[in-house]
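Understanding the architecture of this molecule
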Amino acid sequence: SFLAGPPAGEVPGADAAAATVEAGDDAPKQNMLAKLASGDALGRGDAGGAVAVHASSSQVNHGGESAVDGDRHTFWASEYDPKQPVELALELPEAKVVRGVRVDWEFPADHFQIKVQQHSAEDFSMFRDVPTNGSLDSYVYGEPTLVDRITLVMHTADPQWGVFEGHKLYGIRGIDLL
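Residues numbered from 1 in each chain as written. Predicted model: local features only at pLDDT ≥ 70, side-chain atom pairs only at ≥ 80, totals over all residues. Heavy atoms only, no water.

**A short note on the overall build of the chain**
The helix and strand tally for the chain stands at 1 helix and 9 strands. What you see in the chain, going N to C, is helices and strands ordered as α-β-β-β-β-β-β-β-β-β. Buried residues in the chain amount to 44% of all 178 residues. Long-range contacts, defined here as pairs at least 24 residues apart, represent 76% of the contacts in the chain between residues at least 6 apart. (Helix = DSSP H or I, 4+ residues; strand = E, 2+ residues; numbered from the N terminus. Buried < 20%, exposed > 50% of the residue type's maximum accessible area, 1.4 Å probe, protein only. Contact = heavy atoms within 4.5 Å.)

Structure, rendered in structure tokens:
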């Protein structure tokens, strides 16, 4: 999550061939993995304080703060069978240049979007639209952007992994800024 990086020497997603990257665009992923290994990636333990979180839908005991608490044993979860897109909004304590976002899913979205906003801007802009996810550990890259607000908009649950006891839902264990 924002507040804790990977264990020393561990490169998250190094073996995740299914990372969310445009076809033929492997160089940015490899470059970011090298930065993660060296500890130079943005967003690894340098959030600078509390991250304000708002979820448009949450279950009891799985509130939005669980997506950024640094504990892989906790997670945010939406309510069951959402009828509308679900949003998880993060407000950073200070603006950061974001090149990518890693989402560690408990219950993944199949189609989701990442929108960003700089405090002075009135509207959010699209960082990346991911129409087909297919991963429990999504690495999403876009143009480097100075942001202080990030919103994940989840449109459809993954048909295999975004289901619990027959109910569709979304769940996130951690979010990293890259």
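So that's the structure; there's more coming.
**Some words on the environment of Thr-74**
Here Thr-74 shows up in the loop between strand E1 (52-55) and strand E2 (76-77). Judged by relative accessible area, Thr-74 falls into the partly exposed class, the value being 24%. As a C-alpha pair, Thr-74 and His-62 span 12 residues in sequence and 7.4 Å in three-dimensional space. Ignoring any residue separated from it by four or fewer positions in sequence, one finds Thr-74 in contact with Ser-66, Asp-69 and Arg-173. In terms of polar contacts, Thr-74 uses its side chain to reach the side chain of Asp-69, at 2.6 Å. A polar atom in the side chain of Thr-74 sits 3.1 Å from the backbone oxygen of Asp-71. (Polar contact = N/O pair within 3.5 Å; in protein donor to acceptor, adjacent residues only side chain to side chain.)

**Here we look at the nonpolar core**
Core analysis: the largest hydrophobic core is formed by 29 residues, its most contacted members being Trp-76, Met-154 and Ile-172. Broken down by secondary-structure element, the contributors of at least two residues to this core are strand E3 (86-107), strand E4 (109-117), strand E5 (125-130), strand E6 (137-157) and strand E9 (171-177). Per-element tally for this core: the top contributor is E3, with 8 residues. Ignoring any residue separated from it by four or fewer positions in sequence, one finds Ile-172 in contact with Ser-66, Ala-67, Phe-75, Trp-76, Leu-88, Val-103, Asp-104, Trp-105, Glu-106, Leu-152 and Met-154. (Core = buried A, V, L, I, M, F, W, Y, C linked by side-chain atoms within 4.5 Å.)

**Regarding the environment of Pro-108**
Mapped onto the elements, Pro-108 comes out in the loop between E3 and E4. Residue class for Pro-108 comes out buried when judged on its relative accessible area of 1%. When the C-alpha positions of Pro-108 and Gly-134 are compared, they lie 8.0 Å apart, and in sequence the two are 26 residues distant. Residues within four places of Pro-108 in sequence aside, it is in contact with Asn-133, Ser-135, Leu-136, Ala-157, Asp-158, Trp-161, Gly-162 and Tyr-170.

**Focus on the packing of aromatic side chains**
With the rule as written, the count across this model stands at 3 aromatic pairs. Where Trp-105 meets Phe-112, the ring centres are 5.2 Å apart and the plane angle is 70°; that geometry is what we call edge-to-face. Relative accessible area serves as the criterion here: at 0%, Trp-105 is assigned to the buried category. Centroid distance Phe-107 to Phe-164: 6.0 Å. Interplanar angle 65°. Geometry classified as edge-to-face. Remark: Phe-164 occurs in strand E7 (residues 163-164) and Phe-107 occurs in strand E3; sequence separation between them is 57 residues. For Phe-107, a relative accessible area of 11% puts it in the buried group. A relative accessible area of 35% means that Phe-164 is categorised as partly exposed. (Phe/Tyr/Trp six-rings, centres within 6.5 Å; stacked < 30°, edge-to-face > 60°.)

**What to know about the pattern of salt bridges**
Applying the stated criterion to the full structure yields 6 salt bridges. Residue Asp-104 pairs with Arg-72 through a salt bridge whose shortest N-O separation is 2.2 Å. Here Asp-104, found in strand E3, pairs with Arg-72, found in the loop between E1 and E2; they are 32 residues apart in sequence, far enough to count as distant. Using a relative accessible area of 52% as the deciding quantity, one classes Arg-72 as exposed. Each of Arg-72, Asp-104, Glu-106 and Arg-173 takes part in one network of salt bridges that share partners. (Salt bridge = Lys/Arg side-chain N within 4 Å of Asp/Glu carboxyl O.)

**Considerations on unusual backbone geometry**
The phi dihedral of Asp-81 is positive, around 50°, even though this residue is not glycine. Of note, the phi angle at Glu-165 is positive, near 50°, even though the residue is not glycine. Within the secondary structure, Glu-165 is located in the loop between E7 and strand E8 (167-168).

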